[in-house]
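# A look at the structure
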Amino acid sequence: MPKDTSLRAMGWAQTFPVSQGVRAGRQWTRQRLASLEWTRNAPESVDAILLSVSELVTNAHVHAHSDAQLVLTWDSHCLHVSVHDSDPVPPAKKPEDLTLTGGRGMVLVDALADGWATHPQASGKTVTACFVPPGAPKPRHGGDVS
């Protein structure tokens with residue numbers, strides 16, 4: 001019987017303390033993405049993922065005053081980027097205010113990802129964004145990440 005290779009699931013996890021900063025999370029993510037074949041032909045997708053990682057880790061550090069637990073999961077359809085922090089308050093997209101220099105993190109994630117969702121946890125929350133590689137069918141569930 002031939003082996004079914006249609007689904008290749010991979011995952012990686014790393015904790016980024018506030019003291020390490022966002023740059024370490026971006027670099028770590030870039031290294032993991034290098035193992036996914038589609039990233040060689042989709043530099044714009046890699047850039048979108050890295051910017052989203054920056055925003056989600058920044059939210060954990062700045063707003064939750066928490067370490068960021070970053071998990072990347074590739075299931076052959078979507079790269080799930082999940083960041084857990086210790087604050088139970090879900091992130092919110094704020095109304096556009098051009099006078100502010102910050103507060104646009106979730107607006108950016110919303111624009112870059114194919115979907116995102118917040119999952120309450122006993123010890124905080126996890127925000128997960130889904131990135132579908134170029135040319136692949138978009139999620140059937142309206143872009144929301146379950």
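Calculation rules
- Residues numbered from 1 in each chain as written.
- Predicted model: local features only at pLDDT ≥ 70, side-chain atom pairs only at ≥ 80, totals over all residues.
- Heavy atoms only, no water.
- Phe/Tyr/Trp six-rings, centres within 6.5 Å; stacked < 30°, edge-to-face > 60°.
- Helix = DSSP H or I, 4+ residues; strand = E, 2+ residues; numbered from the N terminus.
- Buried < 20%, exposed > 50% of the residue type's maximum accessible area, 1.4 Å probe, protein only.
- Pairing = 2+ DSSP bridges.
- Axes fitted to C-alpha atoms, helices over the stretch in contact; angles between N-to-C directions.
- Contact = heavy atoms within 4.5 Å.
- Salt bridge = Lys/Arg side-chain N within 4 Å of Asp/Glu carboxyl O.
- Core = buried A, V, L, I, M, F, W, Y, C linked by side-chain atoms within 4.5 Å.
- Disulfide = S-S within 2.5 Å.

Here we come to the packing of aromatic side chains. Within this structure, the stated rule accounts for two aromatic pairs. Each ring, one from Phe16 and one from Trp28, has its centre 5.8 Å from the other, and the planes form 70 degrees; the classification is edge-to-face. Linking Phe16 in strand β1 (residues 10–16) with Trp28 in helix α1 (residues 21–33), this pair joins segments that are twelve residues apart in sequence. Here the aromatic rings of Trp38 and Trp74 are separated by 5.6 Å at their centres, their planes lie at 45 degrees, and the arrangement is tilted. You can see Trp38 sitting in the loop between α1 and α2 (43–63) and its partner Trp74 sitting in strand β2 (residues 68–74), a full 36 residues away along the chain. Side by side, Trp38 and Trp74 carry an identical accessibility label, which is buried.

Let us now look at the sheet that holds strand β5 (residues 124–131). The sheet built from five strands is open, its strands ordered β1-β2-β3-β5-β4 with antiparallel pairing. Whereas interior strands pair on both sides, the edge strands pair on one side only; in this sheet they are β1 and β4 (115–121). With direction set aside, neighbouring strand axes in the sheet form an average angle of 15 degrees. Against the sheet, α1 engages β1, β2 and β3 (79–85), with an angle of about 165 degrees to β1.

Turning our eyes to something else, we now look at the pairing of β2. Burial along β2 is one-sided: the residues Ala68, Leu70, Leu72 and Trp74 are buried and none of Gln69, Val71 and Thr73 is. Direction of pairing for β2 relative to β3: antiparallel, over a ladder of six bridges. Residue pairing in the sheet places Trp74 in a bridge with Leu79 of β3. Between β2 and β3, which pair antiparallel and follow one another directly, the connecting turn spans four residues, one of which, Ser76, has a positive phi of 75 degrees.

Time to look at the pattern of salt bridges. All told, the structure shown has one salt bridge when counted by the stated rule. The salt bridge partner of Asp85 is Lys125, with a shortest N-O separation of 2.8 Å. With Asp85 in strand β3 and Lys125 in strand β5, the pair connects residues that are 40 residues apart, well separated along the chain.

The next thing to look at is the pairing of β5. Counting buried residues along β5, eight of its eight residues qualify, which places the element largely inside the surrounding structure. Residue alternation in β5 divides its side chains into two sets, Gly124, Thr126, Thr128 and Cys130 and Lys125, Val127, Ala129 and Phe131, and both sets are buried. Note: β3 against β5, seven bridges, orientation antiparallel. Paired with His80 across the bridge in β5 is Cys130. Of the pairings in the sheet, the one linking β4 to β5 comprises seven bridges and is antiparallel in character. Bridging from a neighbouring strand, His119 pairs with Thr126 of β5. Count of turn residues in the β4/β5 antiparallel hairpin: two residues.

On to the nonpolar core. If you look at the biggest cluster of nonpolar residues, it comprises 31 residues, and the most contacted ones within it are Ile49, Leu70, Leu79, Val81 and Phe131. Within the residue set of this core, elements represented by two or more residues are β1, α1, α2, β2, β3, α3 (105–112) and β5. Top contributing element to this core by residue count: α2, with eight residues. Ignoring any residue separated from it by four or fewer positions in sequence, one finds Leu70 in contact with Trp12, Ala13, Gln14, Phe16, Gly25, Trp28, Thr29, Val53, Val81, Ser82 and Val83.

Turning to the state of the cysteines, a few remarks are in order. Each disulfide consists of a covalent bond between the sulfur atoms of two cysteine residues. Counting across every chain of the model gives one disulfide. Here Cys78 is linked by a disulfide to Cys130, with a sulfur-sulfur distance of 1.9 Å. You can see Cys78 sitting in the loop between β2 and β3 and its partner Cys130 sitting in strand β5, a full 52 residues away along the chain. Considered together, Cys78 and Cys130 belong to a single accessibility category, that of buried residues.

These values are about where atoms sit, not about what they do.
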